[in-house]
Amino acid sequence: MMQRDECLKVFKRHRKDEIVVAVYMAAQEMTHIMPNDLNYTFTGAMGQGSSHALGIALGRPDKRVVVFDGDGSLLMNLGSLVTIANAAPKNYIHCLCENGTYETNGSVPIPRAGQIRFVDLAKAAGYPKTYEFSNLWDWDYELDNILKEDGPIFVDLKVEPGEAYPEDFRRLYSIEYRDKFREALKKS
Amino acid sequence: MADSELKAEDIIREIKKAGIHFVVALPDRVTSHYLLKTIMRDPDFKVVQVCKEDEGISICSGLFAAGHRSLMMMQYTGLLDSVNSLRGVAVEGENPVCMLVGLLGKEPGVAPTQSKKYGVKIIEPVLDAMGIEHHLVEESGDMQKIVPAIEKAYASTRPMAVLIGREPK
């Protein structure tokens, strides 16, 4: 099991100019660990991160789009796996921070926590490539390749909470930061 | 064809005039046959099929963030199913999600709020309660509403809905 913030720190070391979409706790941590104008946290409703990321990926096929989704979030939008596989964006990397809980909502376990094989769901939906990581060394080792391969790619990260970071939901959904993102993306 | 009827080709012309190239869709019984299928065959459009309508609200928002205009096509039942995404993504998130919504079962010539069909009757009050501008398109003369509505949505970064009152042919 990896700590989610440590996973993000590993990603930060490999990041070049990718757009990163993140939801809930991953989003809160990302704003502290790797602030970047190409971070997108403005997802507005639970479950919608993967769909926002798809829109961005389709709109900018020249840019890699990495989404750090949550397992509770993905369960609310499971059909998006099929939508994404059908649209088949080569620049899309779907990372799932699987912690088995609705961490933002009091850490209540998700249904069938620990018993769902998310990579199997992704494969069955049509993702051509899937990965599953439960240790940082493997995640670190494979990440450069993952960032170059044709997608859509699904990555299941087995995580638990790490260090506590301050929460700021107003920042996550700020229109001002969304508009900064749009401007930064236009220039990149 | 009577002048008052809707033509799919007219709607497509207006959508193109408004600079829309991405269409996000879940089939709607009112607009599937003559409109969506035609759009799907048109190389000027990239169609993204969704499994559930609320995905489309977010995909359109992602496309906006990436600098593109788009149109979400769905039935009014899908709009009702997407109210939370409309709230959080489109309205509070100030995203110019433009929706083309089929009012399945609306009686010709009857205002949606007077329809005997419960879901049709409540659509406009729901949109009004959410502060989402909407325009009924039911006759050929209503075509002129489409482009200004889309332009206003993008200028103000606010969502809007074009409600299709009868099947376009």
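Residues numbered from 1 in each chain as written. Chains lettered and ligands numbered in written order. Predicted model: local features only at pLDDT ≥ 70, side-chain atom pairs only at ≥ 80, totals over all residues. Heavy atoms only, no water.

A. Just the overall build of chain B, in detail. When its secondary structure is counted, chain B shows seven helices and six strands. Order of helices (α) and strands (β) in chain B, N terminus to C terminus: α-β-α-β-α-β-α-α-β-α-β-α-β. For a compact globule of 169 residues, the expected C-alpha radius of gyration is about 15 Å, and chain B comes in at 14 Å, within 12% of that figure. Nonlocal contacts in chain B, meaning residues at least 24 apart in sequence, comprise 79% of its contacts between residues at least 6 apart. (Helix = DSSP H or I, 4+ residues; strand = E, 2+ residues; numbered from the N terminus. Rg over C-alpha atoms; globule rule 2.2 N^0.38 Å. Contact = heavy atoms within 4.5 Å.)

B. Molecular detail of the confidence of the model for chain B. Residues at a pLDDT of 70 or more form 98% of chain B, whose mean pLDDT is 96. Overall fold confidence (pTM) sits at 0.97, and the ipTM for the predicted complex is 0.97. (pLDDT = per-residue confidence, 0-100.)

C. Structural detail: the interface of chain B and chain A. Chain B puts 27 residues into the contact, and the matching count from chain A is 25 residues. Interface of chain B and chain A: buried area, both sides summed, is about 1,900 Å²; carbon and sulfur atoms make up 57% of it. At the boundary of chain B with chain A, the tally comes to zero salt bridges. For the pair chain B and chain A, the interface holds ten residue pairs in polar contact (both at pLDDT 80 or more). Sorting the residues of the side of chain B that touches chain A by element identifies strand S2 (46–49), helix H3 (53–65) and helix H5 (83–91) of chain B as the ones contributing at least two each. Here the side of chain B that touches chain A gets nine residues from one element, more than from any other, and that element is H3(B). Tallied by class, the residues present in the side of chain B that touches chain A amount to ten nonpolar, eleven polar and six charged. (Buried area = accessible area lost by both parts, 1.4 Å probe. Salt bridge = Lys/Arg side-chain N within 4 Å of Asp/Glu carboxyl O. Polar contact = N/O pair within 3.5 Å; in protein donor to acceptor, adjacent residues only side chain to side chain. Nonpolar A, V, L, I, M, F, W, Y, C, P; charged D, E, K, R; others polar.)

D. Looking closely at unusual backbone geometry. All names here are of chain A. Look at the link from Gly-151 to Pro-152: it is a cis peptide, with omega at 5°. Here Pro-152 shows up in the loop between helix H7 (136–146) and strand S9 (153–160). With phi around 60°, Ser-107 is a residue other than glycine that occupies positive phi space. Looking at the element boundaries, Ser-107 is found in the loop between strand S6 (101–102) and strand S7 (108–109). A residue is classified by how much of its surface remains accessible, and Ser-107, at 40% relative accessible area, is partly exposed. (Buried < 20%, exposed > 50% of the residue type's maximum accessible area, 1.4 Å probe, protein only.)

E. Main features of the packing of aromatic side chains. All names here are of chain A. Per the stated rule, a full pass over the model turns up ten aromatic pairs over all chains. Seen in terms of ring centroids, Trp-137 and Tyr-141 are 5.1 Å apart; in terms of plane orientation they differ by 10°. Their pairing is stacked. Separated by four residues within a single helix, Trp-137 and Tyr-141 lie in helix H7, roughly one turn from each other. Both residues of the pair, Trp-137 and Tyr-141, count as exposed. A ring pair is formed by Phe-169 and Tyr-173, whose centres lie 6.4 Å apart and whose planes are at 40°; its orientation type is tilted. Since its relative accessible area comes to 29%, Phe-169 is described here as partly exposed. (Phe/Tyr/Trp six-rings, centres within 6.5 Å; stacked < 30°, edge-to-face > 60°.)

F. View of the nonpolar core. Within the largest apolar cluster, 61 residues are counted, with the highest numbers of intra-cluster contacts made by Ile56(A), Phe154(A), Phe181(A) and Met99(B). The next biggest cluster of nonpolar side chains, apart from the first, holds 30 residues, and it includes Leu36(B), Cys98(B), Tyr154(B) and Met160(B). (Core = buried A, V, L, I, M, F, W, Y, C linked by side-chain atoms within 4.5 Å.)

G. Region of the structure containing the pairing of strand S4 (residues 65–70) of chain A. Residues and elements named next belong to chain A. Across the six residues that make up S4, a large majority, six, are buried. Of the two faces of S4, the one carrying Val-65, Val-67 and Asp-69 and the one carrying Val-66, Phe-68 and Gly-70 are both buried. By the bridge criterion, four bridges tie strand S2 (residues 19–22) to S4 in an arrangement that is parallel. When the sheet's bridge partners are listed, Ala-22 is paired in S4 with Phe-68. (Pairing = 2+ DSSP bridges.)

H. Just empty space enclosed by the protein, in detail. Residue and element names in this part refer to chain A. Evaluation of the coordinates by the stated rule reveals one cavity of 30 Å³ or more. The volume enclosed by the largest cavity comes to roughly 200 Å³. Forming the walls of the largest cavity are 19 residues, and the residues nearest its centre are Tyr-24, Gly-70, Thr-101, Glu-103 and Thr-104. Sorting the residues of the lining of the largest cavity by element identifies helix H2 (24–33), S4, helix H4 (71–75) and S6 as the ones contributing at least two each. Here the lining of the largest cavity is composed, by residue class, of eight nonpolar, seven polar and four charged. (1 Å grid on protein atoms, 1.4 Å probe; cavity = no way out; pocket = protein on both sides within 12 Å on 5 of 7 lines; lining within 4 Å. Points joined across faces, edges and corners; volume = space filled by probe spheres on them.)

I. Summary view of the pattern of salt bridges. All names here are of chain A. One pass over the structure, following the stated rule, counts 29 salt bridges over all chains. As a salt-bridge pair, Glu-149 and Lys-129 come within 2.7 Å of each other at their nearest N and O atoms. Of the two residues, Glu-149 is situated in the loop between H7 and S9 and Lys-129 in strand S8 (residues 129–133); the sequence distance between them amounts to 20 residues. Among the residues examined, Glu-149 registers a relative accessible area of 22% and is labelled partly exposed.

J. Spotlight on the pairing of strand S5 (residues 133–137) of chain B. All names here are of chain B. Across five bridges, S5 lies against strand S6 (residues 160–164) in parallel orientation. Following the sheet pairing, Val-137 is matched in S6 by Ile-164. In terms of handedness, the path from S5 via helix H7 (residues 146–156) over to S6 forms a crossover that is right-handed. (Right-handed = clockwise from strand over helix to strand, strands pointing away.)

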